[in-house]
Amino acid sequence: MRSDGCVLGDLMLSYRSLDEARTRLVMRDNWARRWTAAWQINGLEVVWPVRDLGSVPVLSSKPVRGFTWRTKQRHRPGLEFLVSTGRKHGYESLEERAGLLALDFMAVIEVLPQPFALAFEHVDGHAGHIPDFLAVMRDGGHWLLDIRPAGLVGELDAVKFAASREAAAACGWHYSVITGWRPHVLSGLDALSAQRRPMTDQLGCQPALLAAAANGPVEFGELVHATRLPAVGRAHAVHLLWHRRLGFDLGRPLDDSALVWPAGWTESR
């Protein structure tokens with residue numbers, strides 16, 4: 001799993017049972033007109049039919065609901081700073097915090113928590129759902145996300161997720177329910193995130209690191225010793241890995257034996 005070339009879908013484990021839940025949705029003619037999504041735009045609630053979601057000014061929206069902290073609550077909300085957007089974003093659980101970290105590694109343009117309230121029909125009546133995040137990716141595409149461990153997805157939850165997938169598909173967005181992450185991904189991203197903020201390079205470590213890796217894979221421990229001060233070089237190497245100027249296998253632990261290569265490197269070079 002190349003850190004310099006992976007996409008979000010390569011990192012996550014997705015919920016795979018939405019097709020069965022979809023059979024419980026009421027999707028007769030004009031369903032995309034009857035289903036609606038309520039947004040907060042300029043302090044006002046504005047409701048769009050699902051068929052028109054592509055025209056929503058998402059970058060002008062605010063979360064449709066807030067959240068609070070209190071003692072003895074079972075989930076762990078908080079704020080996570082993203083270097084991609086330059087500000088903090090709210091999350092409601094540690095699983096959502098991990099999702100924000102992965103989105104930051106993808107260098108997203110924007111992340112909107114609780115972006116809209118979806119109202120839809122299913123065989124037992126009407127229901128609503130607020131997705132966890134809407135991410136605007138670097139290529140301009142949109143990725144709607146719910147984050148829930150697989151063991152905590154109930155029957156009605158699956159129906160809500162299936163409805164969210166249909167709403168996203170109606171306007172050309174991606175949709176995923178993240179139930180977990182592939183081995184070593186979170187530990188790797190957590191290690192890299194320690195050096196994700198801008199850094200000064202008074203010792204010229206970064207040019208030395210890029211030159212040492214220019215010809216192909218080199219062990220991380222050997223790479224940092226190519227700098228004048230390896231302890232400082234290690235921090236800059238992690239910084240270059242986060243910003244994808246260097247790459248390594250995110251499916252393996254990042255230790256001194258991990259192989260590191262320049263961004264875009266292939267064996268044929």
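Residues numbered from 1 in each chain as written. Predicted model: local features only at pLDDT ≥ 70, side-chain atom pairs only at ≥ 80, totals over all residues. Heavy atoms only, no water.

(A) Quick peek at the sheet that holds strand β13 (residues 218-219). Strand order in the open sheet made by the three strands is β13-β15-β14, with antiparallel pairing throughout. The sheet terminates laterally at β13 and β14 (246-247), the two strands that pair on one side only. (Pairing = 2+ DSSP bridges. Helix = DSSP H or I, 4+ residues; strand = E, 2+ residues; numbered from the N terminus.)

(B) Highlighting the packing of helix α7 (residues 205-212) against helix α9 (residues 230-242). α9 packs onto α7 with a crossing angle of 70° between their chain directions and a minimal axis gap of 9 Å. Comparing the axis directions of α7 and α9 gives the class roughly perpendicular. Viewed along their axes, α7 and α9 form a crossing whose handedness is right-handed. In contact with Cys-205, Gln-206, Leu-209 and Leu-210 of α7, α9 contributes Val-232, Gly-233, His-236, Ala-237, His-239 and Leu-240. Looking at the contact of α7 with α9, its residues break down into six nonpolar, four polar and no charged. (Axes fitted to C-alpha atoms, helices over the stretch in contact; angles between N-to-C directions. Parallel < 35°, antiparallel > 145°, perpendicular 65-115°, else oblique. Left-handed = near helix turned anticlockwise from the far one by under 90°. Contact = heavy atoms within 4.5 Å. Nonpolar A, V, L, I, M, F, W, Y, C, P; charged D, E, K, R; others polar.)

(C) Inspection of the sheet that holds strand β1 (residues 12-14) at higher detail. Read from one edge of the open sheet, five strands run β1-β12-β11-β10-β7, paired in mixed fashion. Two strands lie at the open edges of the sheet, namely β1 and β7 (110-113), each paired on one side alone. Here the average twist between neighbouring strands, direction ignored, is 40°. Relative to strand β12 (residues 174-181), β1 runs antiparallel, the two sharing three bridges. Bridge pairing in β12 places Leu-13 opposite Gly-180. Sheet strands touched by helix α5 (residues 155-170): β11 (142-147) and β12. Its angle to β12, the strand with the most contacts, is close to 140°.

(D) Broad picture of the pattern of salt bridges. Under the criterion given, the structure shown has 14 salt bridges. The residue Arg-2 makes a salt bridge to Asp-4 at a minimum N-O spacing of 2.7 Å. A salt bridge links Glu-121 to Arg-34; the shortest N-O distance between them is 2.8 Å. Of this pair, Glu-121 sits in strand β8 (residues 117-122) while Arg-34 is found in helix α3 (residues 31-34), placing the two residues 87 residues apart along the sequence. Residue classification places Arg-34 among the partly exposed positions, given a relative accessible area of 29%. Among the charged side chains, a salt-bridge network with shared partners connects Glu-80, Arg-97, Asp-104 and Arg-196. (Salt bridge = Lys/Arg side-chain N within 4 Å of Asp/Glu carboxyl O. Buried < 20%, exposed > 50% of the residue type's maximum accessible area, 1.4 Å probe, protein only.)

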